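As a plain string of letters, each chain reads:
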Amino acid sequence: MPGQTRYEALWRDRPQEEAAHFNPAFCGELLARTIKEFRKQAGRTMPLVYAFLVAPLVLHPNARRALPGRANTAFASWAGDNADMLSTLADRTLRLRPVTREALLFLVQIGAAEISEDGLGIGNHPLKLSGKPSASTDEVDEMRRASGMLGRWFGNQADPAAVLQAMGVRV
Amino acid sequence: MTLQIRAIAIYSHDGERRDVRFNLGALNIVTGASKTGKSALLDIVDYCWGRSECTIAEGEIRRGVSWFAVIFDNDGEGILVARRNPGPAGKASDEIYFERNVEDFPETTVPLVKNSTADGLRQRLSAILGVAENVHIPEPGATRRPLDASASQAIFFCLQNQDEIASRRLLFHRQGEERIPQAIKDTLPYFVGAMGEDHFLKQKRYEDARRRLRALERSYADALALTDEASGTARNLLKEAKRVGLLDLDASADSLEGLRALLGHAARPRSLEYAKTDDPAADLTDLEERRRRIRIELQELRDDIKDLQRLTREASEFETEAREQQARLASIELVAHDATGHETCPLCDSHLAIAVPAVDEIRKSLGRLDRQLSTVRRDNPRLQGQIAELEMKRTSREVDLQIVQGDISARIADNERLRIEQDQFTEQARVAGRVGYYLENARTLSDGEGLRLQVARVRAEVGELEAALDQEAMEERLTTALGLVGRDITDYAGRLELEHGENSLRLDRKNLTVVADTINGPLFLYQIGSGENWVGYHVAAHLALHKLFRTLNRPVPAFVMLDQPSQAHYPKEKDVGEISGAEDEDQLAVARLYRLLLDYCVSMAPSMQIIVADHVDLLQEWFRESTVERWRDGIKLVPMTWLR
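All of the points below concern the structure found in this document. In this text, all values refer to a predicted model and were calculated from it rather than measured experimentally.

In terms of helices and strands, chain B carries 15 helices and 15 strands. Here chain B holds 644 residues, and 48% of them are scored as buried. As displayed, chain B has an accessible area near 32000 Å², and 50% of this comes from carbon and sulfur atoms.

As structure tokens, then:
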């Protein structure tokens, strides 16, 4: 897969556009929001596999728009309605796996998250998610909301395996 | 005037002469055997009268004779006509000798030299006969040419050769030839005196007057038509003059005179003034050139603006992209502290193949983007300013274009107005010309009165001449004359005891024959049987006609030549010679015929001469006295000695 090779280069050697769009701080923030909302909803740490679904569902405009507005949406029926979008989700998940991994590493390194056997949890130095960054766009704001909602939605689901199966994704 | 035959002569090739002399005003009989030359006498007279063909039979005569000659007696004046023998197989000779006031034939042929042509001879004979100028105008539509009666036609009434005298269909000499019957019919009115002597002159005058009348009437009709049309035309012209502005629109006139006065006013000379502008087309060209330049300028401005707008758009696209990147990079600000050891795995402390970017690194990237974005923001207002400036210029140019466009429209409208104006002046000039022409013609029309008088005068003249000419009157006179002839024919037929002679007989002018009016309808000569009757009617008709000619002193020769009137009873090959004239019906009939001829001459004496060539020889005193030649026992026209 040609896209994969780009993430084998060091961050500063990547094309500026890609480096900026998929920088670990941003992707990490989205993950952190999902983890935080999951914990709030489910009261436990988030299974690791969910982390790999955040980037492909939130960054891609079509997928993001397909996401439900409310966290209590029935997962199975939603998956049936969005079969078209989900058909390309597996591929996208595979390509974005290095991005997610890098973001996870970044979060762990700065202590914003911790990985245990149970899953992903918030670290000793959590990100100041309530703070407002100096610059933002509508799209970025949307992504932030979407990642939070995704955390809550995942939190409502009982079995991660069923979710992955409905999405046609294997991590 | 009586023209008779004094003598006939022939000359041999050696110049010897042979005469046959006749008595004037009497019956002359030449009797003799066959082939003695009796028939030649008639042919010689015919030939010497100017006939275009010599009909003298081939034989001794044509071989042995050099000249034929006839002395006519015109009231005592001897007229010599000699014509050269055309020779065997010759048609005719134009060598004609003519001399007036002669006593006798010249002794030899020496004096006989050509001094006349056949045409000239005919004219002289006509003059001697006293044929006045006359002409028969054929009815309209006929193809034949007008024919004037002349000596050539007069002779038709005087000769009867042996074929003609016994013919059931031909009454007159040469009637069987082409065009001759019509000539006889056309000239008969003149010869019987139905046509006055001055008829020709009247006819000419009448035709001339008719021609003048036609021309005048045509002119008059034209003038009348013009006058009739005049008022209508004048009204039309008035309307037109108003339309083109030569007259006020409310100008009108009741009378033709008033109308003409108005038209005169309209047609008076005037100066035509109209705006003398400089060449309007050149002006227009300038304006159009300006418009073209402004349009080019505008196009350039629009292109510039478009380029700048493209630049602006590109800048904003970059800005959008950069902002997106900036927003995503800005997430680094959420990290509370700087972390170290980013090259090792935080979970297993192993060295990462690809180091996770440090927080600093991401912050640097964010800072770089911030700087780039500020540059874009600095550039953008400058572009906007430039676009605004260009758009202002474009707007002013568009205003210029509108002005030029307006100027052009105004100029075109101006030109159109000028053109219409010029057209109107041209139209005015045209109408003025027409009015002038009409007025000129209308003036000449007032002279129409003189024309009318002239027409009336010529019409009266034509009427008078017509009355004098009166074709109907002529026909009536002709009918009367022919009635007289018919009465005489009846008389002579009775004396000859001819079949149907008891009926009223008449000369049919149309068919040139004798008709017996029986109770069963008209009986034409050819319907009557028997050669005796045919001969008898020929003789009766000729005698009757000549009686009329002599009575009226018409220009017809006063002689009749008959060839073999007895042939019905005694055919040529049955030469009986002397007969008593009382032994049988045939003899009695022949005797009756000759007796009639004799009595006729006596009754008409001395104005009628009859020359008969025959082979009967009546043994009666009066017959003997009338016999001038007896050609038997070797005596004949051409002496034996000439034919050595």
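Assignment of secondary structure puts Asp 633 of chain B in the segment after strand 15 (627-631). Taking C-alpha positions, Asp 633 of chain B is 9.0 Å from Gly 32 of chain B, a pair spaced 601 residues apart along the chain.

This part is about the sheet that holds strand 13 (residues 609-614) of chain B. Residue and element names in this part refer to chain B. The strand order 7-11-13-3-15 describes an open sheet built from five strands, whose pairing is parallel. Two strands in the sheet have a free side with no partner beyond their single neighbour: strand 7 (159-160) and strand 15. Two strands pair when backbone bridges link them, and strand 7 and strand 11 (residues 559-563) are joined in this way by two bridges, in the parallel orientation. Bridge assignment links Leu 159 to a residue of strand 11, and that residue is Met 561. Along the sheet face, helix 14 (residues 585-604) touches strand 3 (27-32), strand 11 and strand 13 and points at about 160° away from the line of strand 13.

Moving on to helix 10 (residues 160-167) of chain A. All names here are of chain A. Along helix 10, the residues that are buried comprise Val 163, Leu 164 and Met 167. End-on view of helix 10: buried residues confined to an arc of 95°, all on one side of the axis. Of the surrounding elements, those touching the buried residues of helix 10 are helix 4 (48-59), helix 6 (75-81), helix 7 (83-87), helix 8 (89-110) and helix 9 (138-156). Taken from the residues just after helix 10, Gly 168 is the one with a positive phi, measuring 70°.

Residue and element names in this part refer to chain A. At a minimum axis separation of 8 Å, helix 4 and helix 8 run at an interaxial angle of 110°. As summarised for this structure, helix 4 and helix 8 are arranged roughly perpendicular, according to the angle between their axes. Crossing of helix 4 over helix 8 shows right-handed handedness. Along the contact surface, helix 4 presents Leu 48, Ala 51, Phe 52, Leu 53, Ala 55, Pro 56 and Leu 57, while helix 8 presents Leu 89, Arg 92, Thr 93, Leu 96, Arg 97, Thr 100, Arg 101 and Leu 104. Residues that form the contact of helix 4 with helix 8 fall into these classes: ten nonpolar, two polar and three charged.

One recurring pattern in soluble globular proteins: nonpolar side chains tend to sit buried together. In terms of nonpolar packing, the biggest core is built from 112 residues, with Ile 5, Phe 72, Met 561, Tyr 594 and Leu 637 of chain B touching the most fellow members. The dominant element in this core, judged by the number of residues it contributes, is helix 13 (residues 531-552) of chain B, at eleven residues. With near-sequence residues (within four places) excluded, Phe 72 of chain B lies in contact with Leu 3, Gln 4, Ile 5, Arg 6, Val 45, Trp 49, Glu 77, Gly 78, Ile 79, Val 81 and Phe 559 of chain B. Grouped together as the second largest cluster of nonpolar side chains are 70 residues, Cys 27, Leu 107, Ile 110 and Val 169 of chain A included.

Take the pattern of salt bridges next. All names here are of chain B. Here the structure, examined in full by the defined rule, presents 52 salt bridges over all chains. Ionic pairing is found between Glu 240 and Arg 434, a salt bridge with its closest N-O pair at 2.7 Å. Remark: Arg 434 occurs in helix 10 (residues 359-445) and Glu 240 occurs in helix 7 (residues 199-243); sequence separation between them is 194 residues. For Arg 434, a relative accessible area of 37% translates into the label partly exposed. One salt bridge connects Asp 617 with Arg 630, and the closest N-O pair in it is separated by 2.8 Å. Linking Asp 617 in strand 14 (residues 617-618) with Arg 630 in strand 15, this pair joins segments that are 13 residues apart in sequence. Here Arg 630 falls in the partly exposed class, since its relative accessible area comes to 32%. Salt bridges sharing common partners tie together Arg 17, Asp 19, Arg 21, Asp 104 and Glu 107.

All names here are of chain B. On the basis of which strands lie adjacent, the open sheet formed by five strands has the order 2-1-4-5-6 and antiparallel pairing. Where the open sheet ends on each side, the last strands, each with one partner, are strand 2 (17-21) and strand 6 (96-100). On average, each strand axis in the sheet is tilted by 15° relative to the strand beside it, whichever way the strands run. Relative to strand 6, strand 5 (residues 77-84) runs antiparallel, the two being bridged by five bridges. Each residue of the ladder has a partner; that of Arg 83, found in strand 6, is Ile 96. With respect to the sheet, helix 1 (residues 38-48) is in contact with strand 1 (3-12), strand 2, strand 4 (65-74) and strand 5, its orientation differing from that of strand 4 by roughly 80°.

Looking now at helix 3 (residues 118-129) of chain B. Residue and element names in this part refer to chain B. A rise of 1.5 Å per residue sets the reference length of helix 3, with its twelve residues, at 16 Å; its end C-alpha atoms lie 16 Å apart and thus fit the reference within 8%. All buried positions along helix 3 are accounted for by Ala 118, Gly 120, Leu 121, Leu 125, Ser 126, Ile 128 and Leu 129. On the buried face of helix 3, the contacting elements are strand 1, helix 1, strand 4, strand 5, strand 6 and helix 4 (151-154).

The next thing to look at is the interface of chain A and chain B. At the junction of the two partners, chain A supplies 37 residues and chain B supplies 35 residues. Between chain A and chain B, roughly 3200 Å² of surface is buried when both sides are summed, and carbon and sulfur atoms account for 65% of that area. For the chain A face of the interface with chain B, the top three residues by lost area are Trp 11, Leu 105 and Gln 109 of chain A, together amounting to 20%. Run the count over chain A and chain B and you get eight residue pairs in polar contact (both at pLDDT 80 or more). Of all elements in the fold, only helix 2 (16-21), helix 3 (24-42), helix 8 and helix 9 of chain A reach the threshold of two or more residues within the side of chain A that touches chain B. A total of six residues in the side of chain A that touches chain B trace back to one element, the largest contributor, which is helix 8 of chain A. For the side of chain A that touches chain B, the per-class residue count stands at 19 nonpolar, nine polar and nine charged.

What follows concerns a nonpolar patch on the surface. Together, Leu 48 and Ile 115 of chain A together with Leu 347 of chain B line one region of the surface with nonpolar side chains, adding up to about 230 Å² of accessible area. The residue Leu 347 of chain B is located in the loop between helix 9 (280-329) and helix 10 in this model.

Below, the discussion takes up the packing of aromatic side chains. Residue and element names in this part refer to chain B. Under the counting rule described, the total for this entry stands at 16 aromatic pairs over all chains. Arranged with centres 5.4 Å apart and planes meeting at 70°, the rings of Phe 157 and Phe 549 form a pair that is edge-to-face. Within this pair, whereas Phe 157 is found in the loop between helix 4 and strand 7, its partner Phe 549 is found in helix 13, the two being separated by 392 residues in sequence. According to the relative accessible area criterion, Phe 157 is buried, its value standing at 0%.

Calculation rules
Residues numbered from 1 in each chain as written. Chains lettered and ligands numbered in written order. Predicted model: local features only at pLDDT ≥ 70, side-chain atom pairs only at ≥ 80, totals over all residues. Heavy atoms only, no water. Helix = DSSP H or I, 4+ residues; strand = E, 2+ residues; numbered from the N terminus. Buried < 20%, exposed > 50% of the residue type's maximum accessible area, 1.4 Å probe, protein only. Areas by Shrake-Rupley, 256 points an atom, 1.4 Å probe, with all protein chains shown as cover. Pairing = 2+ DSSP bridges. Contact = heavy atoms within 4.5 Å. Axes fitted to C-alpha atoms, helices over the stretch in contact; angles between N-to-C directions. Arc of directions from axis to C-beta. Parallel < 35°, antiparallel > 145°, perpendicular 65-115°, else oblique. Left-handed = near helix turned anticlockwise from the far one by under 90°. Nonpolar A, V, L, I, M, F, W, Y, C, P; charged D, E, K, R; others polar. Core = buried A, V, L, I, M, F, W, Y, C linked by side-chain atoms within 4.5 Å. Salt bridge = Lys/Arg side-chain N within 4 Å of Asp/Glu carboxyl O. Expected span 1.5 Å × (residues − 1). Buried area = accessible area lost by both parts, 1.4 Å probe. Polar contact = N/O pair within 3.5 Å; in protein donor to acceptor, adjacent residues only side chain to side chain. Patch = residues over 30% accessible without salt bridge, like charges linked within 9 Å, V, L, I, M, F, W, Y side chains within 5 Å. Phe/Tyr/Trp six-rings, centres within 6.5 Å; stacked < 30°, edge-to-face > 60°.

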